[in-house]
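# Report on the structure
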Amino acid sequence: MKSGHLLSTVAAVAVAGAGFAAYAAPTTPERLLNAGNEPQNWLMTLSNYSNWNYSKLSQINKSNVANLKVVFMASIGGNAVSKIAGSVSNEMAAPLVEDGFMYLTDSHNKVMKFDVRSGNRAYPMWRFDPQIAGKQNPSTGGLALWQDTVVQATRDARIVAIGKDSGEPKYDVSGREPSGGPNSDDAIKTREFRGAISTLRTVGGKNLIIIGAGGAGMGWIGAFDADSGKNVWRTYTIPQPGEPNFGTWPGDKWKWGGVMPWGGSAYDPETNTIYMGTGEPSPVYDPEFRPGDNLYSASTLALDAETGRIKWFFQETPNDQWDFDSTSSRILYDLTLPDGQIVKTVTNWARNSFYYQLDRTNGQFIRAVAQDSNINWTKGIDPKTGKPLEYRPNAGLQTYAVAGPRRGRAERDAPAHCSTWGGAPTGIWPAAFDPSTGITYQTRTSGCTYQTLTRSTDEAFAPLARECLGCVIKQVQVNTLANLVAIDTRQGKVVNSHTYNQGIPGERQAEAGAIATAGGLIFTGWADGTFAAFDKDTLAELWRFNAGTNLKAAPITYSVGGKQYVAHIAGGSQHTSGIASLIMPTAVLIVYGL
């Protein structure tokens, strides 16, 4: 199942001979609950269960970041070592660091462990190859740590636990749902995991792995036993017959509705609740095929961690028509309202270009903040309901301020919808939240999109075809620019924005997300390979380095021996055009220091 066992043994002996302990401490549930108290480590993909993507480290700060330089790099494979013909590289996973050991994965699910304690190189310890079956979606949301294992959810829907010290699999089990459920056997065969995986211990004492499922049919959120990989519960993201909220899809079209929860999850241990966002309805660009609200698409779901029962939901864009999925990370924090009331919130940067704040105890809408100034698909969000102002309950096909794709409409008649389809956050494209200021930061692409439906779903219905189910859409995006945006969560408004013109056309120019640090810095990367540091108060650029390849993975920061480092994986080939297509995809770890 893997290569590298001999390398693991040799590396362990060599490192031990150099005077270092070559073995990692257990990653206990207590450590994960208090991950913020170990700023030298990066134990979770998004830093903690609240998904702050924030570090207390401040050695690298505004006064010295101009002196930041590359201290070492390491190739990790990616498309260069893929045996799957026609596959591409799309490196989107953040590394994890624990006590000087770094764990990372490339887009083809190969996992590596490096010893980075020297500060001047990444010493390879082992490499695990799960040998992915068939051609799958070329991306992964990263890894999770649990006790003495590194856990991954593979693109062919397996849960694998790898020994942190040995690099050998402790278990490797299928995560696919059993036959006989709401999804057909053919849909089950397409199941994939590509979101951010997390591990936790519930209030009731269950040790769980949380992951969302993609593929054909309908999506689900699953919990698996962290010690064995056995499925504990599975919650579908479309209501089934006999369940609450069933009936928002016409006929039996809910069976192919998609709504894939392919991002990451947040966890509130106080209420024992898991929060996760859901994807767009299918067929994504043919709303006339599926008139109705299409629950639970483009929604926040709050689930009981013990059972997976849905406690509440909040839908952002009923009858979505533009691929306004809502799979971005959910951020948890306490918000002080103008009247002094403190509300426990769950929030997210949605792809429809609004930032939503909800009461995480009951899903009550608090407010939505426009991420961009050129939104035209709706005239605004109702301050009471949180729905678009044009939303009409029980209307079936919704007509917002700009009509989505329509059957029979000529390309010349297609309206521009803004902000652009590929602009706002989605999937594992993480935002940052600074608890000291209450400001959240995110990258996005401004611009507009023209969409023309050139073939309807009814003309070539293909239930196993991802997202469009056989429909075909032509999209033209205009005036696209990369942006870094800061929203004050207390005031509910954008307080700063930085625009970067890369000179490279592209659907998505800013997919790396952001990380905030106590050093007063925001780090992010652009599609042209630029990795940069910004003043968190003004968003003025303070430093940059060009990696020479597309950047899609979120950066992290950690410290070893009292010295702080910043790291990210570089490489990606999707959603770019023009001269960007000439930049070859790669997969390389880059680490910076003073």
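Model, not experiment: these values are computed from the prediction.

Definitions and cut-offs
- Residues numbered from 1 in each chain as written.
- Predicted model: local features only at pLDDT ≥ 70, side-chain atom pairs only at ≥ 80, totals over all residues.
- Heavy atoms only, no water.
- Helix = DSSP H or I, 4+ residues; strand = E, 2+ residues; numbered from the N terminus.
- Buried < 20%, exposed > 50% of the residue type's maximum accessible area, 1.4 Å probe, protein only.
- pLDDT = per-residue confidence, 0-100.
- Contact = heavy atoms within 4.5 Å.
- Salt bridge = Lys/Arg side-chain N within 4 Å of Asp/Glu carboxyl O.
- Polar contact = N/O pair within 3.5 Å; in protein donor to acceptor, adjacent residues only side chain to side chain.
- Pairing = 2+ DSSP bridges.
- Axes fitted to C-alpha atoms, helices over the stretch in contact; angles between N-to-C directions.

## Some thoughts on unusual backbone geometry
Excluding glycine, residues mostly have negative phi values, and the peptide bonds linking residues are mostly trans. A cis geometry characterises the amide bond from Leu 295 onward to Tyr 296, with omega recorded as -5°. Relative to the elements of secondary structure, Tyr 296 occurs in the loop between strand E16 (273-277) and strand E17 (299-304). Each neighbour pair has its own omega, and for Cys 418 with Ser 419 the value is 0°, a cis peptide bond. Within the secondary structure, Ser 419 is located in the loop between strand E23 (416-418) and strand E24 (432-434). Backbone geometry places Ser 47, a non-glycine residue, at a positive phi of 80°. Mapped onto the elements of the fold, Ser 47 is located in the loop between helix H2 (29-33) and strand E1 (54-55). When its relative accessible area of 8% is taken as the criterion, Ser 47 is described as buried.

## Let's talk about the confidence of the model for the protein
Low-pLDDT stretches of the model should not have their predicted coordinates read in fine detail. Averaged over all residues, the pLDDT of the protein equals 91, while 90% of them reach at least 70. When the criterion is pLDDT under 50, residues 1-19 qualifies, and its contacts beyond four places in sequence or with other chains add up to 39 contacts.

## Focus on the pattern of salt bridges
Taken as a whole and judged by the stated rule, the model has 29 salt bridges. Between Arg 158 and Asp 172 there is a salt bridge whose closest N-O contact spans 2.9 Å. Separated by 14 residues along the polypeptide, Arg 158 in strand E9 (residues 158-163) and Asp 172 in strand E10 (residues 169-174) bring together distant segments of the chain. Linked through salt bridges whose partners overlap, the residues forming this network are Arg 31, Glu 38, Glu 98, Asp 99 and Lys 164.

## What about the side chain of Asn 48?
Mapped onto the elements, Asn 48 comes out in the loop between H2 and E1. Here the side chain of Asn 48 touches Ser 50 through a polar contact of 3.1 Å, landing on its backbone nitrogen. There is a polar contact of 2.8 Å between the side chain of Asn 48 and the backbone nitrogen of Asn 51.

## Some thoughts on the side chain of Gln 451
Following the sequence through the fold, Gln 451 ends up in strand E25 (residues 439-455). What makes Gln 451 buried here is its relative accessible area of 2%. Looking at Gln 451, its side chain comes within polar contact range of the side chain of Gln 475, at 2.6 Å. Beyond its immediate sequence surroundings of up to four residues, Gln 451 is in contact with Tyr 285, Gln 321, Trp 322, Pro 405, Arg 409, Ala 414, His 417, Trp 421, Ile 473, Lys 474 and Gln 475.

## Some remarks on the sheet that holds strand E21 (residues 354-359)
As summarised here, the arrangement of the four strands in space is E19-E20-E21-E22, forming an open sheet in which the pairing is antiparallel. Pairing within the sheet leaves two strands with one partner each, and these edge strands are strand E19 (331-336) and strand E22 (365-370). The sheet shows a mean angle of 30° between the axes of neighbouring strands, taken without regard to direction. Examined bridge by bridge, E19 and strand E20 (residues 342-349) share six bridges and lie antiparallel to one another. Counted as the bridge partner of Thr 336 is Ile 342 from E20.

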